[in-house]
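Report on the structure
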Amino acid sequence: MGELTATNLFESQTIFADHKDLIHDVAYDFYGERMATCSSDQYVKVWDSDGNGGWRLTASWKAHHGSVWKVTWAHPEFGQVIATCSFDRTAAIWEEVGDTASSGSEKGLRTWLKRSNLVDSRTSVTDVKFGPKHLGLLLVTCSADGIIRIYEAPDVMNLAQWTLQHEIPTKVSISCLSWNPSLSRVTHPPMLAVGSDEPNTTNAAATVQSDKATACNGKVFIYEYSETSRRWTRTDCLASVQEPVNDLAFAPNLGRSFHLLAVATKDVRIIKLEPIAESSGANNGAMVRFKVEVVAAFEEHYSCVWRVGWNVTGTLLASSGDDCCVRLWKMQYLNQWKCVAVFKNEPATGDSPPLCRPSTTYTRLAAMANPAHMPFH
Amino acid sequence: MNTSNFGLEPLRGKASAPAKTFILPDKCVSKHFGCAWGQGNKFTIYPRSQTVNKSTPKALDNRLFNVRQDVLLFTPILRKLVNESNGTFLSLQKAAEASKTNDNQVEFLKLSRQFRSIIRVCTEGLQEAASKEEDGLAKNSLQSYITIFYSIECIWHLCEILFIDNIPGDIVLPYLLEWVRFHFPCHEQTAAGLLEACERGSEENAEYWDTVVGMVVQGRVDVARALLKLHSAGESNEFKLVDNSLRSMPVYSVYGGISTGEFTISWKHWQAECRSKLSSRVLASQPNLELIMRIIIGDYTAFESIRSKYSSWFDILGGWVLFTAPWSRRHELGAAAAACAGMAPAPRSHLDDMVRALLEGDLHQVIHEVQQISDNGWFATHLTDILYHCGKLKVLDKHQTNVTSRLRDSLILEYGSLLMEHKSLWSVGLSYLASCPPEGPRRAELLLERMPVETEAKAMRVIAEAKKHGLTSVVSSVSRCVCARAQAGGRLGGALCWAARALVAGAARAARACLTQYAARAALPAQDLLLTAGSAMLLSDTLLFLGKYCDFHRLYKSREFKKAGQLLVSLITSKIAPDYFWETLLLDTLPLLESDEPVFTSNDTYEIMLCLELRSSSLEGEKADLMRLALARNLARTSLAEGDGTDEGGQ
């Protein structure tokens with residue numbers, strides 16, 4: 001008799017990435033059909049789905065003179081464009097040239113041209129993200145010296161020309177950022193969340209002396225753009241996050257009045273930001289912009305959490321931590337969050353790992369023997 | 001499986017059990033991972049390190065793991081189930097809409113039966129496929145699908161009896177017996193065989209007594225009596241006594257003209273009679289007949305003794321209710337279920353839990369259990385939806401607020417989103433999402449605009465579906481992306497066409513690309529489109545200009561030089577032409593200036609001269625001189641001609 005309740009079966013496929021050093025980031029394009037990887041070997045690679053579940057390497061090039069930290073795709077409306085940022089203090093914009101519509105299988109490697117090199121930063125550029133497409137072609141970078149830079153391509157046809165629109169000093173080291181993807185420009189002004197990985201001891205002092213007006217020990221800052229003043233201003237600092245932040249991500253908005261922000265810090269946090277109407281926002285003279293609520297804090301990784309990511313609809317959150325696990329979190333209908341799956345590294349058994357070739361077959365993942373799961377029948 | 005706090009555990013999907021742990025393959029040596037989401041439930045796990053030291057570790061792990069959910073519903077053989085149930089689901093939504101004004105219980109029952117017949121067809125298909133399948137592994141998985149859908153049908157049927165069907169007088173027994181007979185047919189074939197052979201002395205058959213008892217337990221009293229007659233001692237007093245007892249058993253019928261009270265009295269009287277016959281020990285010599293008598297007086301120990309002959313307690317549930325409380329109403333079955341389930345210390349199966357929860361009327365728990373079936377939520381979604389529409393589902397959270405609709409919505413959203421991942425079932429998924437506002441359409445937007453559009457035909461299909469559900473943002477987003485791709489591929493006509501569809505500023509970009517290309521290579525793309533574009537032309541100045549310019553070409557080609565000339569002059573004087581196009585525009589006047597018949601009036605010529613001087617930078621010296629010459633000559637001859645004209649007019 002078969003199992004009736006074997007829910008959540010997963011299968012996996014192994015791809016041999018062939019980077020000469022550690023991989024730092026993997027990013028899918030808008031459709032999930034292309035994948036870009038970047039590594040400490042200073043190379044960026046682009047992989048294309050062959051339509052049958054397999055992945056083909058279609059481009060590989062040396063992109064920077066230092067470790068490439070992050071790679072990100074622009075909306076396909078702007079063409080096949082990626083941005084990278086690196087330890088070499090630059091961020092770069094790359095565009096694929098040639099007919100991208102023709103299927104990759106009959107062609108060899110694709111050509112990616114460097115359209116622009118953004119050299120404003122004096123320290124390592126730690127993160128780079130394209131803005132939501134309804135704002136035009138925007139790019140934001142952040143660097144280890146704590147400066148957020150927002151660039152705009154005024155002419156989307158000309159990716160060589162980027163103007164530095166805003167430079168926002170934060171005075172703390174910034175490790176990651178995320179755009180709020182809300183499409184409703186009327187109710188939600190353009191919004192960015194940035195996370196700091198500044199160690200706590202120095203930060204406390206730095207904040208007190210340099211930033212008295214917004215004295216706050218939090219590590220997550222919210223910036224919003226005001227149409228009237230044409231400036232980005234810090235509208236909130238999340239006091240609930242006190243530990244260094246490694247990653248953060250806004251969930252898709254889905255027409256909600258509030259925003260959900262996932263934060264990777266010493267645990268996985270999900271924070272709800274509810275904008276407060278202007279009239280009722282005055283509190284002790286200072287404007288309080290958001291009602292902030294930590295809706296979930298998962299300690300399950302028992303260690304530092306490095307990455308968080310939402311699926312397309314924002315129903316599943318993946319997190320990875322120092323415990324060698326990737327966990328999936330899902331919101332149940334009563335808005336409670338539950339862990340639905342854990343992906344674990346098999347404990348090293350001593351023998352050397354078998355060499356792997358890129359394969360197109362998915363194999364079902366073995367579930368760990370768990371006495372709580374008795375087979376039925 | 002969580003059973004300890006039965007019924008108390010609030011519904012949280014798979015929450016009660018700890019999350020499953022999966023092991024990454026190939027003995028990945030890395031300690032740290034990153035993760036990135038792709039489309040749908042696909043994501044990638046990659047080894048990474050946070051340390052930025054220069055020394056490269058010896059054992060460098062460089063593999064990516066693409067992980068995706070294994071979705072049973074995407075098995076080709078189950079496609080029909082997904083498609084057909086979608087049709088029924090949509091009819092149900094319509095029926096629910098209609099039932100707001102009038103009671104529609106009959107319609108719901110019809111649709112519930114429709115669902116069940118879809119499941120049954122599916123199970124039959126699976127059985128057929130399994131019997132043909134040679135490969136052991138594939139056969140195994142088909143078998144497990146059969147188990148899954150068989151259980152689903154069984155639960156759905158019981159649900160239908162208990163919550164959807166309109167049972168007269170609420171007396172559930174006949175329906176319950178029908179359910180048992182249908183889903184747990186036991187001894188039926190033996191009984192039919194014995195009756196067909198119709199030989200005295202049938203007790204020779206090893207299964208004879210089991211069959212007779214089985215028929216009694218299933219409530220098929222007539223069959224049992226017929227079988228008893230086939231016993232070689234069938235004419236003896238003992239047999240006659242039992243036969244008599246079985247024959248005289250009162251059967252309740254709502255339309256029988258007697259009240260439940262009266263029926264209860266006659267029933268109790270009949271059982272007392274049976275009990276006295278039993279205690280008179282006349283049957284002592286026939287232990288099997290004695291067993292039958294003990295069963296029909298509802299003796300717990302008798303049922304307990306036969307329990308081991310059946311694989312589950314469902315088999316005897318019908319008999320137990322029949323011989324202990326035949327007047328049971330729908331909501332009174334919990335105790336019977338508990339009694340039957342308690343007869344043997346069998347390990348509880350998942351089906352047990354579901355049936356128990358159903359009979360206890362704990363729908364909350366039922367849905368909780370149903371969600372754990374690995375059918376990717378097909379059953380949970382459709383069952384919850386129909387129960388919700390029938391008004392039978394009440395789920396309260398810890399603050400006692402009614403969250404039923406949230407539960408239903410979340411299941412439908414989840415199911416719809418899942419189907420959106422499939423390359424041909426996505427439109428089905430879309431219909432689920434669209435039926436569940438406000439979040440459904442928002443999710444549909446996100447998923448639909450991320451639908452890979454490899455071909456124009458696919459793009460058209462996506463757009464058609466988006467329009468059907470009023471997702472205008474998707475229409476423009478998809479058109480823009482296809483437009484951008486066509487343009488990158490140098491197919492400017494296509495780009496223009498998609499830009500017009502998108503009704504967006506992207507059109508300006510495409511139009512500009514067209515003009516640039518024309519200025520460089522002189523071939524205007526998509527002329528037919530531009531000439532018939534209509535109001536779409538108003539999207540941007542550049543596009544409008546391109547359209548007008550195209551129209552000029554048409555007029556010129558059809559040798560309507562006067563009209564062409566007028567249009568060209570208006571294009572020049574309106575000054576909407578982009579800078580890079582001035583040269584082309586001015587040079588276009590040359591052949592008209594040089595034509596035999598004067599085309600431009602003297603005023604036009606002045607205007608052109610003015611523009612030429614204002615834009616002198618856009619023309620090279622030699623070309624400008626040529627223009628000036630042509631303009632001067634044209635001015636001369638038109639001035640003369642016009643002078644004549646006014647004179648003539650004056651005469």
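Residues numbered from 1 in each chain as written. Chains lettered and ligands numbered in written order. Predicted model: local features only at pLDDT ≥ 70, side-chain atom pairs only at ≥ 80, totals over all residues. Heavy atoms only, no water.

**Some words on the overall build of chain B**
In terms of helices and strands, chain B carries 29 helices and four strands. Within chain B, the fraction of its 651 residues that count as buried is 54%. Across chain B, contacts joining residues at least 24 apart in sequence account for 63% of those joining residues at least 6 apart. About 28400 Å² of surface is accessible on chain B, with carbon and sulfur atoms providing 53% of the total. (Helix = DSSP H or I, 4+ residues; strand = E, 2+ residues; numbered from the N terminus. Buried < 20%, exposed > 50% of the residue type's maximum accessible area, 1.4 Å probe, protein only. Contact = heavy atoms within 4.5 Å. Areas by Shrake-Rupley, 256 points an atom, 1.4 Å probe, with all protein chains shown as cover.)

**Overview of the overall build of chain A**
Counting its regular elements, chain A contains one helix and 28 strands. Among the 377 residues that make up chain A, the fraction classed as buried is 58%. Excluding contacts between residues fewer than 6 apart, the proportion of contacts in chain A whose partners are at least 24 apart in sequence is 48%.

**Let's talk about the environment of B:Lys309**
Positionally, B:Lys309 belongs in the loop between α11 (300-307) and α12 (314-324). B:Lys309 sits 95 residues away from B:Gly214 along the chain, and the two C-alpha atoms are 9.5 Å apart.

**Observations concerning the packing of helix α26 (residues 561-574) of chain B against helix α27 (residues 582-593) of chain B**
All names here are of chain B. Contact geometry of α26 with α27 gives a least axis separation of 11 Å together with a crossing angle of 150°. Between α26 and α27, the angle is such that the two are roughly antiparallel. Considering how the two elements wind past one another, α26 and α27 form a crossing that is left-handed. Along its contact with α26, which presents Phe561, Gly565, Leu568, Leu571 and Ile572, the element α27 presents Trp582, Leu585, Leu586, Asp588, Thr589 and Leu592. A per-class count over the contact of α26 with α27 returns eight nonpolar, two polar and one charged. (Axes fitted to C-alpha atoms, helices over the stretch in contact; angles between N-to-C directions. Parallel < 35°, antiparallel > 145°, perpendicular 65-115°, else oblique. Left-handed = near helix turned anticlockwise from the far one by under 90°. Nonpolar A, V, L, I, M, F, W, Y, C, P; charged D, E, K, R; others polar.)

**Regarding the confidence of the model for chain B**
All names here are of chain B. With 88% of its residues at a pLDDT of at least 70, chain B reaches an overall mean of 84. Confidence, read as mean pLDDT per element, is least for helix α24 (residues 527-531) in chain B (65) and greatest for helix α18 (residues 426-434) (95). Ignoring residues within four places in sequence, the model shows residues 52-58, a span with pLDDT below 50, making three contacts including any to other chains. (pLDDT = per-residue confidence, 0-100.)

**Quick word on the sheet that holds strand β14 (residues 174-179) of chain A**
Across a sheet, paired strands are connected by hydrogen bonds in the backbone, their directions being either parallel or antiparallel. Residues and elements named next belong to chain A. Read from one edge of the open sheet, four strands run β14-β15-β16-β17, paired in antiparallel fashion. Single-partner strands in this sheet number two, and they are β14 and β17 (231-238). Geometrically, the sheet is characterised by an average inter-axis angle of 25° between neighbouring strands, direction not taken into account. Relative to strand β15 (residues 191-196), β14 runs antiparallel, the two sharing five bridges. For Ile174, the partnering residue across the bridge sits in β15 and is Ser196. (Pairing = 2+ DSSP bridges.)

**Here we look at helix α5 (residues 188-197) of chain B**
Residues and elements named next belong to chain B. What α5 keeps buried is the set Thr190, Ala191 and Leu194. Seen end-on, α5 carries its buried residues on one side only, within an arc spanning 100°. Across α5 from its buried face, at more than 90 degrees, point the exposed residues Gln189 and Glu196. On its buried face, α5 sits against α6 (208-217) and α7 (221-229). Just downstream of α5 lies Cys198, where phi reads positive at about 50°. (Arc of directions from axis to C-beta.)

**Regarding the sheet that holds strand β24 (residues 305-310) of chain A**
Taking strand neighbours across the sheet as the criterion, the five strands line up as β24(A)-β25(A)-β26(A)-β27(A)-β1(B) in an open arrangement whose pairing is mixed. At either end of the open sheet lies a strand with only one pairing partner, and these are β24 of chain A together with β1 (20-23) of chain B. Taken over all neighbouring pairs, the strand axes of this sheet differ in orientation by 20° on average, direction set aside. For strand β27 (residues 337-344) of chain A and β1(B), the ladder comprises four bridges, and the chain directions are parallel. Looking across to β1(B), one finds that A:Phe343 is bridged to B:Phe22.

**Notes on helix α28 (residues 602-614) of chain B**
A rise of 1.5 Å per residue sets the reference length of α28(B), with its 13 residues, at 18 Å; its end C-alpha atoms lie 18 Å apart and thus fit the reference within 8%. Looking at α28(B), one finds that the buried residues are B:Ser602, B:Asp604, B:Thr605, B:Ile608, B:Cys611 and B:Leu612. (Expected span 1.5 Å × (residues − 1).)

**Overview of the pattern of salt bridges**
Applying the stated rule across the entire model yields 51 salt bridges over all chains. A:Arg34 is paired through a salt bridge with A:Glu96; the nearest N and O atoms lie 2.8 Å apart. You can see A:Arg34 sitting in strand β3 (residues 34-39) and its partner A:Glu96 sitting in strand β8 (residues 91-97), a full 62 residues away along the chain. Assigned by exposure class, A:Arg34 and A:Glu96 land together as buried. A network of salt bridges, in which partner residues are shared, links B:Arg113, B:Arg116, B:Arg120, B:Glu153, B:Glu160 and B:Asp165. (Salt bridge = Lys/Arg side-chain N within 4 Å of Asp/Glu carboxyl O.)

**Quick notes on unusual backbone geometry**
Residue and element names in this part refer to chain B. Looking along the chain, the bond that leaves Pro437 and enters Pro438 is cis, with omega of 0°. The phi dihedral of Cys198 is positive, around 50°, even though this residue is not glycine. Structurally, the position occupied by Cys198 is in the loop between α5 and α6.

**Overview of the nonpolar core**
Note on soluble globular proteins: their nonpolar side chains tend to be buried together. All names here are of chain B. Of all hydrophobic cores here, the largest spans 158 residues; its most connected members are Phe149, Trp179, Leu228, Ile295, Trp378 and Leu448. Of all the elements, helix α3 (residues 136-164) adds the most residues to this core, at 15 residues. Leave out the neighbours within four places in its chain, and Leu228 touches Tyr208, Trp209, Val212, Gly234, Phe239, Val242, Leu246, Leu289 and Ile292. Core analysis: the next-biggest nonpolar cluster, separate from the first, contains 37 residues, Leu515, Leu543, Phe545 and Val599 among them. (Core = buried A, V, L, I, M, F, W, Y, C linked by side-chain atoms within 4.5 Å.)

**Quick word on the pairing of strand β2 (residues 33-37) of chain B**
All names here are of chain B. Of all five residues in β2, five are buried, a share of seventy percent or more. By the alternation rule, side chains of β2 split into Phe33, Cys35 and Trp37 and Gly34 and Ala36, which are all buried. Here β2 runs beside strand β3 (residues 43-47); their pairing, made up of five bridges, is antiparallel. Across the sheet, the residue bridging to Cys35 is Ile45, located in β3. Remark: five residues form the turn of the hairpin made by β2 and β3, two consecutive strands paired antiparallel; Gly40 in that turn has positive phi of roughly 55°.

**Describing the packing of α18(B) against helix α20 (residues 456-468) of chain B**
Residues and elements named next belong to chain B. Two elements in contact, α18 and α20, have axes whose closest approach is 11 Å; the angle formed by their N-to-C orientations is 15°. In this view, α18 runs roughly parallel relative to α20, as classed from their interaxial angle. Taken as a pair, α18 and α20 cross one another with a handedness that is right-handed. For the pair α18 and α20, contact is made by Trp426, Ser427 and Leu430 and by Lys458, Arg461, Val462 and Glu465, respectively. Looking at the contact of α18 with α20 residue by residue, the classes come out as three nonpolar, one polar and three charged.

**Some thoughts on the environment of A:Phe10**
Residues and elements named next belong to chain A. Assignment of secondary structure puts Phe10 in strand β1 (residues 10-16). A relative accessible area of 4% means that Phe10 is categorised as buried. Along the sequence, Phe10 and Phe343 sit 333 residues apart, while their C-alpha atoms lie 9.7 Å from each other.

**Notes on the packing of aromatic side chains**
Pairs of aromatic rings are described using the distance from one ring centre to the other and the angle between the two planes. Taken as a whole, this structure holds 38 aromatic pairs over all chains when the rule is applied. Seen in terms of ring centroids, A:Trp69 and A:Phe87 are 6.1 Å apart; in terms of plane orientation they differ by 80°. Their pairing is edge-to-face. In this pair, A:Trp69 is assigned in strand β6 (residues 68-73) and A:Phe87 in the loop between β7 (81-86) and β8, connecting sequence segments 18 residues apart. Here a set of aromatic residues connected by ring pairs shows up, and it is made of B:Phe545, B:Tyr549, B:Phe552, B:Tyr556, B:Phe561 and B:Phe581. Against the face of A:Phe258 rests A:Lys272, its NZ or CZ located 4.6 Å from the ring centre. Between A:Arg289 and the ring centre of A:Phe290, over which it is positioned, the NZ or CZ distance is 5.1 Å. (Phe/Tyr/Trp six-rings, centres within 6.5 Å; stacked < 30°, edge-to-face > 60°. Lys NZ or Arg CZ within 6 Å of the ring centre and 35° of its normal.)

**Observations concerning the pairing of strand β2 (residues 23-28) of chain A**
For a regular strand, side-chain orientation follows a simple rule: the groups alternate between the two sheet faces. Residues and elements named next belong to chain A. Among the six residues in β2, six count as buried, and that is most of the element. Inspection of the sheet shows β2 paired to β3 by five bridges, in the antiparallel sense. Each bridged residue has a counterpart across the sheet, and for Tyr28 the counterpart in β3 is Met35. Hairpin remark: β2 followed by β3, antiparallel, with five residues in the connecting loop; positive phi at Gly32, about 75°.

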